[in-house]
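Architecture at a glance
One letter stands for each residue in the lines below.
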Amino acid sequence: MTKLTPKSPRKPVPLLVFGAHPDDIEFGCGGIIAGETKAGHAAHFVVCSRGEAGTNGTPQQRVAEAERAAKILGATLEFLELDGDAHLEIRATHAIKLASIIRRLRPSVVLAPTVELNQHPDHWRLGQLVRDATRLARYGGLKELKKFPSHKITNLFFYAVSSDAEPSGAPPVLIDISPPEIIKAWTGSMEAHASQMKTRNYVEFQLARAKVHGMRASVKYAQALYPNDSLVFESLAQLG
Ligand SMILES: [Zn+2]
């Protein structure tokens, strides 16, 4: 009988983060990533285009910027070819590809863009594909995924690349990113996307968003995550 488990499975990655474009992760949840890697938790980014439809920056520049940004955040990075920038479609084959990455890396927590419609279409489509992928990664019978054993993640959270992408009605989980070293790393990772600053001062925009979320949480800066499933606690005391 053929053993399906790979010979040398990689060390599990606690945090796996998907982005549609080279700067989405840094802008949408870079402060949270900086806090996690500072705490010693590994993070891996999967970026699903090279930003080739953007007004500024060549795909080569965008890739180099993303690599530098990931390094600043202490994360590893890979690019995945799907349909290309501004062409992403929701297809079962894409969800299976993403599920295969989840199985290969075996994360506990997965982050993806929110599925709100009022934003770049690649963002919500990728969020939907990742949501499907986390489910498919669990199913034992999918022949395309037989290379790796099935895997159930602990939690899927969505992050909002911009304020338009924040879901209305659902209170977010707010993560305190106030420590200066976290803000410094996050800011540096956003500044690494220098080509995109010609369009708008995204660093100021994202810091302002984090300040507003921080005010809601009575801290200096916070970033928001939106859980896909109910969060489960053993007791109210765990809520601190
Ligand atoms: Zn984007």
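Structure report, in brief. Being a predicted model, the structure only gives us computed values, none of them experimental.

1. Topic: the pattern of salt bridges
- Tallied over the full model, the rule gives seven salt bridges.
- In this structure, the salt-bridge partner of K38 is E181, at a minimum N-O distance of 3.3 Å. Note that K38 is positioned in helix α1 (residues 24-38) and E181 in helix α5 (residues 180-191), a separation of 143 residues in sequence.
- Relative accessible area serves as the criterion here: at 51%, K38 is assigned to the exposed category.
- Among the ionic pairs, E89 bridges to R91, the shortest N-O distance being 3.6 Å.
- On the accessibility criterion, E89 (42% relative accessible area) is partly exposed.
- Classification of R91 by relative accessible area gives partly exposed; the value is 36%.

2. Some words on unusual backbone geometry
- One non-glycine residue with positive phi stands out, namely R106, at about 55°.
- Assignment of secondary structure puts R106 in the loop between α3 (92-105) and β4 (109-113).
- Relative accessible area serves as the criterion here: at 24%, R106 is assigned to the partly exposed category.
- Notably, S218 is not glycine yet its phi reads approximately 60°, a positive angle.

The rules behind each value
- Residues numbered from 1 in each chain as written.
- Predicted model: local features only at pLDDT ≥ 70, side-chain atom pairs only at ≥ 80, totals over all residues.
- Heavy atoms only, no water.
- Salt bridge = Lys/Arg side-chain N within 4 Å of Asp/Glu carboxyl O.
- Helix = DSSP H or I, 4+ residues; strand = E, 2+ residues; numbered from the N terminus.
- Buried < 20%, exposed > 50% of the residue type's maximum accessible area, 1.4 Å probe, protein only.

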